[in-house]
Amino acid sequence: MVLRMRDPFAALLAVQRAMDNATRSDWFGTLTGGRGAYPPVNVFEENGDFVLVAELPGVKKEDLDIQVKGDTVRVHGKKTVEYADDASVHRRERVGGEFDRTLTLPAQIDVAKVTADYRDGVLTLRLPRAESEKPRSVTIN
Amino acid sequence: MAAVQREVALQEKRELSPAQERTEAAKFYSPYTDIYETKDAVIVTMEVPGVAKPDIDIRLEKSQLTITSNIDSKRYETLEPIYAEYNVGNFVRSFTLSTKIDSNSIAASVADGVLTVRLPKAAEPIAKRIALD
């Protein structure tokens, strides 16, 4: 019996399309730290820069580590919820622990120009687009 | 302290139920709160991210302690949202205090988006022995 590929290009195209969709998809879709991970983030745009905001109540500045490379941002740290030694707890709603989330943005980031601000338990990361990502107007000769 | 640190679980913000609805045109959330008791005080810690110290209002009426924390929504005015996972709003929560609290010496502080209110216990009323004539 001769096994013949019905249409090699159809299979290849399907794979290629699936991969393109995965890599080019919307925000953070295919990553391990996708939707539903801690900390939740909001992303804004201001003058072409991305502004990533995350609420991290109870996380100390020194327990927070941020790394940016290419088009990915990693927010990693530890949230501590402490009680005095002799305390008896009546109500416990806050949760502590470690977190590590990696986000992929739809554009390359100019790593040298990234600024971070942490105030009142809210982290604001300003992520400017890399020069290569900015549109350039072309003069017509 | 446990040797193995847990991963922080995601907690959706809890919006106030309709029974507690307010007339203001803003979202109100119920902040995640821990309450614990030590020998001399009851301590309330509350997560209020994005709230600056002057925007926290702690009010004690009779035995009702109400804590309102307002966020500064101006910081979002110039920003164009493109992706969202949570909403922002003010925080409000009320507690009924036991009478054993010394309401004159309640102290509060805020750090990294966590408000801590210390409610000192009132000195126990001294038992009085009534002598019979």
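Residues numbered from 1 in each chain as written. Chains lettered and ligands numbered in written order. Predicted model: local features only at pLDDT ≥ 70, side-chain atom pairs only at ≥ 80, totals over all residues. Heavy atoms only, no water.

## Structural notes on the interface of chain A and chain B
Inclusion rule: We call two residues in contact when some of their heavy atoms are within 4.5 Å. By buried area we mean the combined loss of accessible area, with a 1.4 Å probe, across both parts when two parts are placed together. One side-chain nitrogen of Lys or Arg within 4 Å of one carboxyl oxygen of Asp or Glu is enough to make a salt bridge.
On the chain B side, the residues contacting the 49 residues of chain A number 41 residues. Together chain A and chain B conceal approximately 4,200 Å² of surface at their shared face, both sides included; 53% is due to carbon and sulfur atoms. At the boundary of chain A with chain B, the tally comes to six salt bridges. For Arg94(A), the salt bridge identified is with Glu47(B), shortest N-O distance 3.0 Å.

## Points about the nonpolar core
Condition: In plain words, nonpolar cores are sets of buried Ala, Val, Leu, Ile, Met, Phe, Trp, Tyr and Cys residues tied together by side-chain atoms within 4.5 Å. We call a residue buried when its accessible area falls under 20% of the maximum for its residue type, exposed when it is over 50%, and partly exposed in between, using a 1.4 Å probe and counting protein chains only. Here a helix means four or more residues in a row that DSSP labels H or I, a strand means two or more in a row labelled E, and each is numbered from the N terminus.
Judged by nonpolar contacts, the single largest core of 24 residues is most densely connected at Leu56(A), Leu64(A), Phe99(A) and Leu127(A). Secondary-structure elements contributing two or more residues to this core are β1 (41–46), β2 (49–55), β3 (64–69), β4 (72–79), β6 (97–104) and β8 (122–127) of chain A. Grouped together as the second largest cluster of nonpolar side chains are 18 residues, Val42(B), Ile71(B), Ile101(B) and Leu119(B) included.

## Considering the pattern of salt bridges
The full count for this structure, using the stated rule, is 17 salt bridges over all chains. One salt bridge in this structure joins Asp100(A) and Arg74(A), with 2.8 Å as the shortest N-O distance. Taken together, the positions of Asp100(A) in strand β6 and Arg74(A) in strand β4 put the pair 26 residues apart, joining distant regions of the chain. Here Arg119(A) and Asp117(A) are joined by a salt bridge, their closest N and O atoms 3.4 Å apart. Residue class for Asp117(A) comes out partly exposed when judged on its relative accessible area of 31%. Because the salt bridges share partners, they merge into one network encompassing Arg91(A), Glu93(A), Arg14(B) and Arg93(B).

## Observations concerning the side chain of Ser30(B)
Within the element layout of this structure, Ser30(B) appears in strand β2 (residues 28–30). Leaving out residues up to four positions away in the same chain, Ser30(B) has contacts with Arg14(B), Leu16(B), Val92(B) and Arg93(B).

## Brief notes about the pairing of strand β6 (residues 64–69) of chain B
Residue and element names in this part refer to chain B. Filter applied, for reference: When DSSP finds two or more bridges between two strands, those strands count as paired.
Pairing of strand β5 (residues 56–61) with β6 involves six bridges; the strand directions are antiparallel. Opposite Leu60, over in β6, you have Leu65 as the bridge partner. Relative to strand β8 (residues 90–96), β6 is paired through six bridges, and the arrangement is antiparallel. What sits directly across from Gln64, in β8, is Thr96.

## Some details on the sheet that holds β6(A)
All names here are of chain A. Cut-off, in case you're wondering: In this description, a line fitted to the C-alpha atoms serves as the axis of each element, helices being fitted only across the stretch in contact, and the angle between N-to-C directions of two axes falls anywhere from 0 to 180 degrees.
Spatial strand order, β3-β4-β6: three strands in an open sheet with antiparallel pairing. Looking along the sheet, the strands with just one partner apiece sit at the ends: β3 and β6. The average angle at which neighbouring strand axes cross in this sheet is 10°, direction not considered. Direction of pairing for β4 relative to β6: antiparallel, over a ladder of eight bridges. Its bridge partner lying in β6, His76 is registered against Asp100.

## Here we look at the side chain of Asp34(B)
Worth spelling out the cut-off: Positive charges come from Lys and Arg, negative ones from Asp and Glu, while His and the chain ends are left out of the count. In protein, a polar contact requires one atom able to donate a hydrogen and another able to accept it; more generally it is a pair of N or O atoms within 3.5 Å, and residues adjacent in sequence count only if both atoms are side-chain atoms.
Of note, Asp34(B) is situated in strand β3 (residues 33–37). Buried and without a salt bridge, Asp34(B) has Arg94(A) as its closest oppositely charged side chain, separated by 4.2 Å. A distance of 2.7 Å separates a polar atom in the side chain of Asp34(B) from the backbone nitrogen of Glu93(A). Polar contacts involving the side chain of Asp34(B) include one to the main-chain amide nitrogen of Arg94(A), which spans 3.1 Å.

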